[in-house]
Structure formats: C-alpha cells, structure tokens
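# Examination of the molecular architecture
Chain by chain, the residues run as shown.
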Amino acid sequence: MKIKYPEKVKLARLPTPLEKPENLNRRTGGPEIYIKRDDLTGCATSGNKIRKLEFAIADAKKKGADTLITCGWLNSNHCRATSIASRKAGLRAILLLRGEKPEHYRGNLFLDFISGADIRFLTPEEYERRDEIMEDVQKELLEEGRKGYPIPAGATFPPGLWGYIGAMDEISRQLNDIDAVFIPVGTGGTYAGLFIGKKMLGLTCDIYGINVEDDSEYFVDEISRVIEEWNGFEGMNITFKREEIKIIDGYQGEGYSIFGREEISLIREICMDDGIILDPVYTSKGMKGLLGEIKKGRFDKNSRVVFIHTGGIFGLLSRLDEIEKIVEIE
Ligand SMILES: *Cc1c(COP(=O)(O)O)cnc(C)c1O
C-alpha cells in the first residue's frame, strides 16, 4: 500500500543506512541482525526525534507558530533536536527541562545553549504540571505577539507519529521478509509509529519494544492511548489488540537514565565489534534486550531482526563523570 503522508519539512538525512554488522552477527550466530542507523539522521540533529520533528514542525508552521515549546529531562535528546531543528526551520524554541540548572553545561544541554534555546529549569513538582506550564508559556508568547506550538515530551503526539510510520515504510523497502523490529521505548512514540506503519503496509513482522523505565503494562497502555489519539486526529481506523503491542520487561535496570557496568561494557563491546556507538540511556538497554531475547531462544536462527539505533551519542558524552566511576578509564 502507498501511504499518503501529511506535509513535512526536510530535516533528516533519509533514507538512513540499514547495515548488517558482521562481527555482532558472527558472535551471536543467528538470527540475522540488521541495524537501522537512525543515529545517522544528521550530526547534531541525529536520532529518532528528528523524524518526528519533520512532521511536527510542518504542522507548527502550517498553524502560523513562530516558537516551539517542548519539555524533557535535563539531558533530553528530544529537546536538543527540537532546539537545533527550530533554527533550521527559522523558528525559536523554549525548553522546559526537568532538573536543576547545573554548574557546567554538557552534552545535549550544551547544544541547547549553543542553539540559543530559551531554557527553563523545572523542579520535579513543576514537571508534573508541565502541560499547564506549557499553556502558560503559550499565553506569555501571545502577549508578546508571538505564537507558540506545544510539543509533548519525545514529540509523542499525532503529528510526530508520522515520523516512524515513514521509517517502517523505509525499512520495508530496504529489506524483505523481516520477522521482527526491535527498539528501546522511552515515551512510546517511536513504537507507536512503527506499529501503525506495519499495519498500514500490511506487514507481518512483530515489533518489540524494550522499556527503559517503568514496566511493560504502563507502556502498553501508553502506546494504545497514543495510537487511539492518532486514529482520532487523522480520522483513521487502525484496529489492534493489546497483545500485539509487545513490550519486553526486565532490561530497564534501576530506572530511567540509570545505568551501570553492564551497559557500559555492552557499549564498548558493540563498538569494538563493528564501530557502532550506543548510548547509556536507551540503545544499550535495547541491545541488552535483543541479545537477552536471542539467548532465550525467541528467534529462529535464520530469521531476520532489525534493531533500530535511535541515536543518543550526546547523552553518552555528557555522562563521563559517572562512567569514570563505573569503569576505569586509562
Ligand atoms: C527518545 C529516545 C528514545 C525513545 O523513543 P520514544 O519515541 O520516546 O519511545 C530512544 N532512543 C533515544 C536515543 C532517544 O533519544
């Protein structure tokens, strides 16, 4: 089926490569593992959020907005991508970040600064009320004669979902007979987009998400909710059963953005194997999940699995102090 997409602004370098890492495949001995390099959608605009922002920003412009308002934690990949993408699109960005203003800006936060975002730090209590605060910011802008466009965390809302509907489309044109797609799940928007894409294209592959925090129940609810929201928004009727949303628990460790020796060792291993760099918050947990499930015998030796590398290198580079405490760096 040919999918009819809404308008988008071009921000990502597409299609991203689909690679078959030789050494990782030799080491695991099957299934065939392919890595979809969405960490290569750009340099500072790399990662999964940029695909979502192509559609979100087109929607913002259509609505006459001049400022994007979004939120996330202090070191959010999504907020960094939004800030830089806003400049590419001739807009401004206001970022509501959960956390205290740190003494030194590192990684994503540093790039937020470089790209001139209006950065506001929120306490955990304020962050709970972020929707309300985003509305207040919109009012504040209106008084200045400007117009804001709110984007929820991770750009997980109907316009953003189109990004990964497009990615599923792209992957299916790069490789036939895919049995499974594997991704880390943070807000669920990437999962939801792939899932809708698979349905629209009539593909039979399973989509597996590895939750990087909380539990599978929570994410199955969240993903179901956002797919229904998309259905309403787009006037579509994608039907699905809860059981089709496959979120595999048990690889999140102690919670969001908390990592340890296992994640860091895996990041080094994958890099030494094939020169691919994972991040500590999402993709290392996703890869841990994929390798764990292969060990458990979830896949036939000759089946085809696509792991989506969703990016996050700036998140890795901002955590050097913590990483140094976990492993010795000579
Ligand atoms: C945001 C993010 C994810 C999670 O994507 P969601 O759509 O929020 O589930 C995964 N990997 C990286 C690197 C991210 O920045």
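The paragraphs below set out a description of the structure included in this document. In this text the structure is predicted, and so the values were computed from the model without any measurement.

Cut-offs used in this document
Residues numbered from 1 in each chain as written. Predicted model: local features only at pLDDT ≥ 70, side-chain atom pairs only at ≥ 80, totals over all residues. Heavy atoms only, no water. Near = heavy atom within 4 Å. Polar contact = N/O pair within 3.5 Å; in protein donor to acceptor, adjacent residues only side chain to side chain. Areas by Shrake-Rupley, 256 points an atom, 1.4 Å probe, with all protein chains shown as cover. 1 Å grid on protein atoms, 1.4 Å probe; cavity = no way out; pocket = protein on both sides within 12 Å on 5 of 7 lines; lining within 4 Å. Sits in = over half its atoms within 2 Å of the grid points. Helix = DSSP H or I, 4+ residues; strand = E, 2+ residues; numbered from the N terminus. Buried < 20%, exposed > 50% of the residue type's maximum accessible area, 1.4 Å probe, protein only. Contact = heavy atoms within 4.5 Å. Axes fitted to C-alpha atoms, helices over the stretch in contact; angles between N-to-C directions. Parallel < 35°, antiparallel > 145°, perpendicular 65-115°, else oblique. Left-handed = near helix turned anticlockwise from the far one by under 90°. Nonpolar A, V, L, I, M, F, W, Y, C, P; charged D, E, K, R; others polar. Core = buried A, V, L, I, M, F, W, Y, C linked by side-chain atoms within 4.5 Å. Salt bridge = Lys/Arg side-chain N within 4 Å of Asp/Glu carboxyl O. Pairing = 2+ DSSP bridges.

The next point concerns the site of the ligand. Taken together, the neighbourhood of the ligand is formed by 14 residues, with Lys49, Lys52, Thr187, Thr190 and Thr310 sitting nearest. Between Asn48 and the ligand, the recorded distance is 3.0 Å, taken from a side-chain N or O atom to an oxygen atom. Its free accessible area being 380 Å², the ligand has 98% of it covered by the protein chains. Most atoms of the ligand, that is more than half of them, are within 2 Å of grid points of the largest pocket. Elements with a contribution of two residues or more to the shell around the ligand: helix H2 (49-62) and helix H8 (189-201).

Residues that lie three or four places apart on an α-helix share one face, since the helix turns once every 3.6 residues. Every buried residue of helix H4 (residues 107-114) is accounted for by Gly107, Asn108, Leu109, Leu111 and Asp112. Against the buried residues of H4 lie helix H3 (77-88), strand S4 (92-98), strand S5 (118-122) and helix H12 (313-317). Two residues or fewer after H4 comes Gly116, characterised by a positive phi angle close to 70°.

The next point concerns the packing of H8 against helix H9 (residues 216-234). At a closest axis distance of 9 Å, the pairing of H8 and H9 adopts a crossing angle of 60°. One way to sum up the angle between H8 and H9 is to call them oblique. When you trace H8 past H9, the crossing you get is right-handed. Within the contact between the two elements, H8 uses Tyr191, Ala192, Phe195, Ile196 and Met200 and H9 uses Ile223, Val226, Ile227 and Trp230. By residue class, the composition of the contact of H8 with H9 is nine nonpolar, no polar and no charged.

Within the largest apolar cluster, 37 residues are counted, with the highest numbers of intra-cluster contacts made by Val181, Tyr191, Ile245 and Val306. Elements represented by at least two residues in this core include exactly helix H7 (158-174), strand S7 (180-185), H8, H9 and strand S10 (304-309). Residue contacts for Tyr191: discarding those within four places in its chain leaves Ile183, Val185, Ile207, Tyr208, Gly209, Ile223, Glu244, Ile245, Lys246 and Ile247. Ile33, Ile267, Leu291 and Ile323 belong to the second-largest nonpolar core, a separate cluster that totals 27 residues.

A few words on the side chain of Thr41. Looking at the secondary structure, you find Thr41 in the loop between strand S2 (32-37) and H2. The residues contacting Thr41, other than those within four sequence positions of it, are Leu11, Ala12, Arg13, Leu14, Thr16, Ser46, Gly47 and Ile50.

Attention shifts here to the pattern of salt bridges. Pairing is possible between side chains of opposite charge, provided their charged atoms come close. Within this structure, the stated rule accounts for 26 salt bridges. With a closest N to O distance of 3.4 Å, Glu32 and Arg304 form a salt bridge. Taken together, the positions of Glu32 in strand S2 and Arg304 in strand S10 put the pair 272 residues apart, joining distant regions of the chain. Take Glu32: its relative accessible area is 21%, and that puts it in the partly exposed class. Given a relative accessible area of 22%, Arg304 falls into the partly exposed group. Here Lys288 makes a salt bridge to Glu262, at a shortest N to O gap of 3.9 Å. Separated by 26 residues along the polypeptide, Lys288 in helix H11 (residues 283-295) and Glu262 in helix H10 (residues 261-274) bring together distant segments of the chain. Judged by its relative accessible area of 53%, Glu262 falls in the exposed class. Each of Lys36, Asp38, Arg51 and Glu170 takes part in a single network of salt bridges with overlapping partners.

The next point concerns the side chain of Thr310. Inspection of the secondary structure puts Thr310 in the loop between S10 and H12. Taking relative accessible area as the criterion, Thr310 reaches 7% and is therefore assigned buried. Among all residues touching Thr310, those that are not within four sequence positions of it are Gly47, Asn48, Pro184 and Thr283.

Moving on, we get to the sheet that holds S5. One key point about sheets: their strands pair by backbone hydrogen bonds, in either a parallel or an antiparallel sense. Across the sheet, four strands lie side by side as S5-S4-S3-S6; this open sheet has parallel pairing. Of all the strands in the sheet, just S5 and strand S6 (148-151) have a single pairing partner and so form its edges. Recorded for the sheet is a direction-independent mean angle of 20° between the axes of neighbouring strands.

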